[in-house]
Structures are given as structure tokens and as C-alpha cells.
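Chain by chain, the residues run as shown.
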Amino acid sequence: MTGELPTYLTTREMADLLRVKERKIYDLAAAGEIPHSRATGKLLFPRDVVLAWIENASDTPSPDAARPTVVLGSHDPLLEWALRESGSGLAAFFDGSLDGIDRFEHGEGIAAGLHVVQDGGWNTEAVSARFRYRPAVLLEWAWRSRGLIVPPGNPQGITRLADIAGRRMVSRQPSAGGQLLLERLCAEEGIALPGTETPLARDEREAALAVLDGRAEAAFGLEASAHQFKLDFVPVCEERFDLLVSRRDWFEPPFQALVRFTRTPAFAEMARSLGGYRVEGIWTPHFNGS
């Protein structure tokens, strides 16, 4: 559901809003713990009273509360460069897609980058239920080429995902979108994941550096990161990287400085030179909360 909430919410809508089962809503109403009324025997929940009740009862910051001018979530080389070169003044804290979503929900930044694959495609399922009734929008940043980063000359002869079996692979934190995707692809192909003794990389740069300095034989990373460190690359798939943005902060000067910069020739040239990016759909909306 997007757009304005109805004046009165049904039990199902209330359950969606609180992310609980409908049975829990009935229990809360029976105990008098949630504002409600009855019409012809049907439970209804007045929108404005309910939203005030949630704000007063929740530890989550109000949607109108000021957020730090920080971009959270998954690391993207093009985004990191653009934040700096645009003069936006936006800082970055990259520690994985799921970490970014959590921090964004708790008001720790104005945007979060993510690339989370689910049965319905990229990213939308990861945010739609959680932010359905919140002023947040999911906007496309880029399509990125992801695959296996290997040393120059590809000495192990890795040509497909199945070839990572038995190799020293870079590990990523559980909250990283790249790790979630690797686990999904390996499960689909029946490939055993590497052990926990492999090096842990918390962003795309660290993953490529682990291959460059010989701590790992391969990393599941970005084509752009391979090019940056003059490493070889074996493509596996293309992924959509999006930004979950606070709707209020989208219109503020820091974020608008970033938006304007993405329309310049310098941005288009950097996307081309990094390699593995398609940015023609940048800022296409894929989800809009209430």
C-alpha cells in the first residue's frame, strides 16, 4: 500500500502497520492497549490516534525527526566517489545492505544503499513491508556487474561459480548483500560455501584487496573493484543497487547536490571508466511508502 493511509484502518492494515499477526491486534484491542472503535461488530482503528499512539510508544524516531546527513548500507565505488566529488557534504557509513536498512529505520542516516535479491526481484521486498507506512522511497542507483575477482592472469583458471569449490574465497559479513547473493547462488547450484577461515572483508574495496595481496584466491565482488586494482574478473550476474531515501531529506540541499551531480558528464564518464555499471535508470522509483 502506498499513498495516504485511510481515516480508519482495518485489523489487517493495523497488523501490516505494526508488522505483527492479526491475532495480536485482536489481543491488544481486547486488553484495551490499542486505540480502536467498533462499527457493526467490526474493529476499526482511527488513523491519527493510532499514529500518535505508535509514536509515543515506540523507540523509533519520529519520521519528522532530523537525521544525520549520512548514507548507510552497502558499499558502492561509484556512490562513494560521487558523495565526495558532488560537494554534497554527505558522509558515508558502509557496513552491508541489511545493516543499512536497520540503521535507516532507526534514523541514523538519510539514505541506505542495498542490493538484496529475493524471489520478487531486487530490494523492493526487503523494504516494502517494513516501510509501507513510512515516508521513504526506494530509488534506483545503478545496475552493477558482479562476479569473481581473481589475480591477474587468473592462475587458478576460474571460469564459473562452481570453480570456487575448495578455493580460498573472501568472506563478507552476514549483513552484506553480496554475501546473501553468493549464498543463494551457491545453494541453487549445490556449491559448498568456503569456510570461516577465509579473510573477512567489510566492503567491496577490502574484498578486492584480499585478492590483490594474496590472502584469497578469489572474491565475489564487483567488476568495478576488479578494474580499480587491475585484477581479472569473471562475470556471474548483474544486480540492481538502490538507495532507500528519507522523502523529506530527498528535497534538502545535501541530497539534491548529489542528484544534480549525477546529471553531469563527469559522473557519466566515471561510471563508464569504472566499468560494470549501467546508470541510465538512475533515480527510477521502485517503492514509495506512505
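Rules of the game
Residues numbered from 1 in each chain as written. Predicted model: local features only at pLDDT ≥ 70, side-chain atom pairs only at ≥ 80, totals over all residues. Heavy atoms only, no water. Helix = DSSP H or I, 4+ residues; strand = E, 2+ residues; numbered from the N terminus. Contact = heavy atoms within 4.5 Å. Pairing = 2+ DSSP bridges. Buried < 20%, exposed > 50% of the residue type's maximum accessible area, 1.4 Å probe, protein only. Arc of directions from axis to C-beta. Polar contact = N/O pair within 3.5 Å; in protein donor to acceptor, adjacent residues only side chain to side chain. Phe/Tyr/Trp six-rings, centres within 6.5 Å; stacked < 30°, edge-to-face > 60°. Lys NZ or Arg CZ within 6 Å of the ring centre and 35° of its normal.

J.: What is the right way to look at the side chain of T11 in this model?
T.: Tracing the sequence through the fold places T11 in helix α1 (residues 11-18). Not counting residues up to four positions away in its chain, the partners in contact with T11 are E22, I25, Y26, L43 and F45.

J.: Mind showing me how you'd approach the pairing of strand β5 (residues 91-94) here?
T.: Pairing between strand β4 (residues 70-73) and β5: four bridges, direction parallel. Directly across from L72, in β5, lies its bridge partner F93.

J.: Any chance you could explain unusual backbone geometry here in plain terms?
T.: The phi torsion of most residues other than glycine is negative, and most of the peptide bonds are trans. Of note in this structure, N123 is not a glycine but carries a positive phi near 75°. Within the element layout of this structure, N123 appears in the loop between β8 (121-122) and α6 (124-128). Assessed through its relative accessible area of 0%, N123 is described here as buried. Despite not being glycine, N154 shows a phi value in the positive range, around 50°. You can see N154 is positioned in the loop between β9 (136-150) and β10 (171-172). N154 gets classed as buried once you look at its relative accessible area, which sits at 17%.

J.: What is the right way to look at helix α8 (residues 204-212) in this model?
T.: In an α-helix, one turn spans 3.6 residues; hence positions three or four apart end up facing the same way. Listed in full, the buried residues belonging to α8 are E204, A207, A208, A210 and V211. Buried residues of α8, viewed axially, fall in a sector of 155°; they line one side. At its buried positions, α8 is contacted by β9, β10, β11 (200-201), β12 (219-222) and α9 (223-228). Where α8 begins, the capping side chain belongs to D203, and its oxygen is found 3.1 Å from the backbone nitrogen of R205. Of the residues trailing α8, G214 is marked for its positive phi of about 85°.

J.: Can you walk me through the packing of aromatic side chains in this structure?
T.: Two aromatic rings are characterised by how far apart their centres lie and by the angle between their planes. Tallying each qualifying case throughout the model produces eight aromatic pairs. For the ring pair W81 and F261, a centre distance of 5.4 Å and an interplane angle of 50° mean the geometry is tilted. Linking W81 in helix α4 (residues 77-85) with F261 in helix α11 (residues 253-261), this pair joins segments that are 180 residues apart in sequence. Summarising the burial analysis for this pair, W81 and F261 share the class buried. Seen from their ring centres, W250 and F255 are 5.5 Å apart, and the 45° between their planes marks the pair as tilted. The buried category is assigned to F255, whose relative accessible area is 0%. An aromatic cluster is defined as three or more aromatic residues linked by ring pairs; in this entry it consists of W81, W141, W250, F255, F261, F267 and W283. Between the NZ or CZ atom of R67 and the centre of the ring of F104, over which it lies, the distance is 4.3 Å. In this structure, R146 packs its charged tip against the face of F220, placed 5.5 Å from the ring centre.

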